[in-house]
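# Examination of the molecular architecture
Here's the letter readout for the chains.
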Amino acid sequence: RDGFVVLLGRGDGVINRGGEKVYPREVEEVLLRHGDVAAAAVVGEPDVVLGERPVAFVVRKGEGHRDADGFTADLLALCRRDLTRHKQPARIDVVDRLPATATGKVRRDQLRAMVGASPTPATSAAPTAPTPAATSAAAAQPEAGLGAPR
């Protein structure tokens, strides 16, 4: 369109977090090392400062873990230990099952819809969340943000 090449399909793989690439499979493999995780999927959540940030969805094996908060805290600690900072999930949501096709492939489009379509500021307890001053400064100067023409 208008002299630009538009790529369609298979754009759901790599998460671009502030210019750093995050491959969902790398994060999923770390989460799957935890003995109480039956399944895991990672998608990018829109972020007004970073572009995207990884969000993980996990399915627990049975009721083996003490509580949901302790379970997610253990998973976040595992990610902090085994992943570089930009690859660590902003949050981990425990779900009963991952949405899947009839052949069992995870429906990442449905997971992305669950995290929301509009960009949200990086204000969660994520280890790399910017300070409110940085978020305000970036919002006040959108031309200095990600993807701005130079």
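All of these numbers come straight from a predicted model, not from anything done at the bench.

### What about the pairing of strand β4 (residues 51-60)?
Counting buried positions over the 10 residues of β4 gives seven, a clear majority of the element. Here strand β3 (residues 37-47) runs beside β4; their pairing, made up of 10 bridges, is antiparallel. Counted as the bridge partner of Val-37 is Arg-60 from β4. Taking the residues between adjacent antiparallel strands as the criterion, β3 and β4 are bridged by three residues. As paired elements, β4 and strand β5 (residues 91-95) share five bridges and run parallel to each other. When the bridges of β5 are listed, Val-58 appears paired with Val-94.

### Examining helix α3 (residues 108-115)
Residues of α3 that are buried include every one of Arg-108, Leu-111 and Val-115, and no others. Seen along its axis, α3 keeps its buried residues to an arc of 55°; they face one direction. In this fold, the buried residues of α3 make contact with α1 (24-32), β3, β4 and β5. Count one or two residues on from α3 and you reach Gly-116, which has phi positive near 105°.

### With respect to the pattern of salt bridges
Taken as a whole, this structure holds 11 salt bridges when the rule is applied. Of the charged contacts in the structure, one is a salt bridge between Glu-28 and Arg-25, with a shortest N-O distance of 3.3 Å. Of the two residues, Glu-28 and Arg-25 are both situated in helix α1; the distance of three residues between them amounts to about one turn of the helix. Take Arg-25: its relative accessible area is 47%, and that puts it in the partly exposed class. Residue Asp-93 is joined to Arg-91 by a salt bridge in which the shortest nitrogen-to-oxygen separation is 3.2 Å.

The rules behind each value
Residues numbered from 1 in each chain as written. Predicted model: local features only at pLDDT ≥ 70, side-chain atom pairs only at ≥ 80, totals over all residues. Heavy atoms only, no water. Buried < 20%, exposed > 50% of the residue type's maximum accessible area, 1.4 Å probe, protein only. Helix = DSSP H or I, 4+ residues; strand = E, 2+ residues; numbered from the N terminus. Pairing = 2+ DSSP bridges. Arc of directions from axis to C-beta. Contact = heavy atoms within 4.5 Å. Salt bridge = Lys/Arg side-chain N within 4 Å of Asp/Glu carboxyl O.

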